[in-house]
Amino acid sequence: MSQPGADSTKIIAGGEHSLFLDRTGLYSAGACGLKWNRSSNLTPSLFGWRKVMMDEPVAFMAAGYYHNLALGAKSGKIFSWGCGTFLDGQNDGCKPALGQGLETLDVGDLPMPASPSLPPDEQVVQLAAGAYHSIAMTSKNKVYTFGNAQLGQLGRSNIGSSKDSSGLPVDPNPKEVEGLSMETPIQIGAGFYNTYVTTKSGKLYCAGENQNRQCGREKPANVRTMLRATDLKEEKIKAAVGGYCHTLALTLKGQLLSMGCGDDGQRGDGLDFDGDEEKREIITSVNLPSKVVKFAAGANHSAAVCENGSAYAWGSNEFGQCAAGSSEKLLSPKRIDVQGEHVEEISCGYAHTVVKTKTGRIYVFGSNDSGQLGLGAAAAKSPNDVQLAREIQIEKI
């Protein structure tokens, strides 16, 4: 996943899908909803760019691993839709993250407004999505969460008494996070099971899973309200995002820091402890040649764009998601070859990566087993991994 934000033309990666937004609307490639779910076979149409049918234009969007969020440009409402991933009766893993009530069934339907909505005097300015939870920040600098709460990822104790059929705590209703005290949030981010909030003073707060110390706290215990990443010491943080069990945080000076799991190289510190991750320092720096301006975290890989427009990837490369031309993991960042183009945006899915350049060109690489690279219907006949950055045209269906 990548940092949330707004752009007239934008491409972002979700779990096994990608979203593309331009002036003509929002489009989706890969296995995620829009009248498709896991009880259906993969079809050639999933490998192209299907129109996301909504009642109004989209201001900006966020792609989670198993669901998506989009803000209506006219109404200011949050729209959500799931990927229909967990079809086992009434229990769907990301159903609470849709914010549509526990009565809804995620069978891969079209976008619907999240309900109940946020306070009417607060405009949503940022969205972020994890695996099973959603995050929204408003114009009043308040942060709201909804979805699953089993690991503390909602960042609040006020989650009510609702549980899913497995007995896990959930709250489909947006409520404000706790623990930010007098701090003013300016940026939100999500990991698989984490919520991140960066404040005006440059502090990073985190909630959710911390078994791998991805919240920047020494004690490996899950965090259930927003707590400061204490091991960052005096570093001032601009933004943070996370993968399955690692975190990337960008300082105001343009240095990229990493926390959490590093066994696949996703920390980018060049170190390999051969499974003994406790030897790794809680906070390490990513070895990049210049200041970082954009960054993203996949499940077990990471990527960044430097101020000169060069892009790098590192970590798990089993499916080619680092565009290194092989399947070996990368302990340190390796530059992505995009024919000398100046990279403007980068985003990571579970095992794929998408890139947009300053000239508007789109490059994709990594796993395409569910059509997430948007290579078109012909690729459905042989959905091979793409191990080097490949330029694509957005062929809309």
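Parameters at a glance
Residues numbered from 1 in each chain as written. Predicted model: local features only at pLDDT ≥ 70, side-chain atom pairs only at ≥ 80, totals over all residues. Heavy atoms only, no water. Helix = DSSP H or I, 4+ residues; strand = E, 2+ residues; numbered from the N terminus. Buried < 20%, exposed > 50% of the residue type's maximum accessible area, 1.4 Å probe, protein only. Contact = heavy atoms within 4.5 Å. Areas by Shrake-Rupley, 256 points an atom, 1.4 Å probe, with all protein chains shown as cover. Lys, Arg positive; Asp, Glu negative; His and termini not counted. Charge placed at Lys NZ, Arg CZ, Asp CG, Glu CD. Pairing = 2+ DSSP bridges. Core = buried A, V, L, I, M, F, W, Y, C linked by side-chain atoms within 4.5 Å. Salt bridge = Lys/Arg side-chain N within 4 Å of Asp/Glu carboxyl O. UniProt positions renumbered as here; feature names shortened; annotations may be inferred. Phe/Tyr/Trp six-rings, centres within 6.5 Å; stacked < 30°, edge-to-face > 60°.

- As named in an unreviewed UniProt entry, the protein is RCC1-like domain-containing protein, taken from Triparma columacea.

**Regarding the overall build of the protein**
Point 1. On a plain count of helices and strands, the protein comes out with zero helices and 28 strands.
Point 2. Split into buried and exposed, the 397 residues of the protein put 60% on the buried side.
Point 3. Within the protein, residue pairs in contact and separated by at least 24 positions form 54% of the contacts whose partners lie at least 6 positions apart.
Point 4. For the protein, the computed accessible surface area is about 15400 Å², with 47% contributed by carbon and sulfur atoms.
Point 5. If the 39 positive side-chain charges of the protein are averaged to one point and the 42 negative ones to another, these points end up 6 Å apart.

**A look at the sheet that holds strand E17 (residues 237–242)**
Point 1. An order of E17-E18-E19-E20 is seen for the four strands of this open sheet, with the pairing classed as antiparallel. Every interior strand has two partners, whereas the edge strands, E17 and strand E20 (284–285), have only one.
Point 2. Sheet topology places strand E18 (residues 246–251) next to strand E19 (residues 256–260); five bridges connect them, and they run antiparallel. Residue pairing in the sheet places Thr247 in a bridge with Met259 of E19.

**Section: the environment of Ala59**
Point 1. Examined against the element boundaries, Ala59 turns out to sit in strand E5 (residues 58–63).
Point 2. Taking C-alpha positions, Ala59 is 5.9 Å from Gly72, a pair spaced 13 residues apart along the chain.

**Quick look at the nonpolar core**
Point 1. Formed by 45 residues in total, the largest nonpolar core has its most connected members in Trp49, Leu256, Leu288, Phe295, Trp314, Ile336 and Ile346.
Point 2. Here Ile336 is in contact with Ala311, Tyr312, Ala313, Cys322, Ala323, Ile346, Phe365 and Ala389, once residues within four sequence places are set aside.
Point 3. The next biggest cluster of nonpolar side chains, apart from the first, holds 14 residues, and it includes Tyr196, Leu232, Ala240 and Met259.

**Quick word on the sheet that holds strand E7 (residues 78–82)**
Point 1. In space, the four strands of this open sheet follow the order E5-E6-E7-E8, with antiparallel pairing throughout. Both edges of this open sheet fall to E5 and strand E8 (112–113), since each of them pairs with a single strand only.
Point 2. Here strand E6 (residues 67–72) pairs with E7 via five bridges, running antiparallel. For Leu71, the partnering residue across the bridge sits in E7 and is Ile78.

**Considerations on the pattern of salt bridges**
Point 1. Within this structure, the stated rule accounts for 14 salt bridges.
Point 2. Notably, a salt bridge pairs Arg361 with Glu341, separated by 3.3 Å at the nearest N-O pair. Separated by 20 residues along the polypeptide, Arg361 in the loop between strand E26 (352–357) and strand E27 (362–366) and Glu341 in the loop between strand E24 (330–335) and strand E25 (343–348) bring together distant segments of the chain.
Point 3. By relative accessible area, which is 15% here, Glu341 ends up buried.
Point 4. Of the charged contacts in the structure, one is a salt bridge between Glu344 and Lys356, with a shortest N-O distance of 3.2 Å. Pair noted here: Glu344 is in strand E25 and Lys356 is in strand E26, with a separation of 12 residues, a long-range link.

**Re the UniProt feature "repeat: RCC" (unreviewed entry) in the protein**
Point 1. Here, UniProt's "repeat: RCC" (unreviewed entry) annotation points to residues 76–140, 141–201, 202–253, 254–308, 309–359 and 360–397.
Point 2. Between the C-alpha atoms that bound residues 254–308 the distance is 12 Å, and the span itself is 0% helix and 35% strand.
Point 3. Span residues 360–397 is 0% helix and 32% strand, its end C-alpha atoms 20 Å apart.

**A short note on unusual backbone geometry**
Point 1. Note that the residue after Ser115, namely Pro116, is joined by a cis bond; omega there is 0°.
Point 2. Counting through the fold element by element, Pro116 comes out in the loop between E8 and strand E9 (124–129).
Point 3. One non-glycine residue, Lys35, lies in positive phi territory at about 75°.
Point 4. Summarising the element assignment, Lys35 is placed in the loop between strand E3 (25–30) and strand E4 (50–51).

**Details of the packing of aromatic side chains**
Point 1. Applying the stated rule across the entire model yields 10 aromatic pairs.
Point 2. Judged by centre distance (6.2 Å) and plane angle (90°), the ring pair of Tyr132 and Phe192 falls under edge-to-face. Highlighted residues: Tyr132 in the loop between E9 and strand E10 (133–138) and Phe192 in the loop between strand E13 (185–190) and strand E14 (194–199), separated in sequence by 60 residues.
Point 3. Residue Tyr132 is classed as buried on the basis of its relative accessible area, which comes to 11%.
Point 4. An aromatic cluster is present here, built from Tyr65, Tyr66, Tyr132, Phe192, Tyr193, Tyr244 and Tyr350 joined pairwise through their rings.

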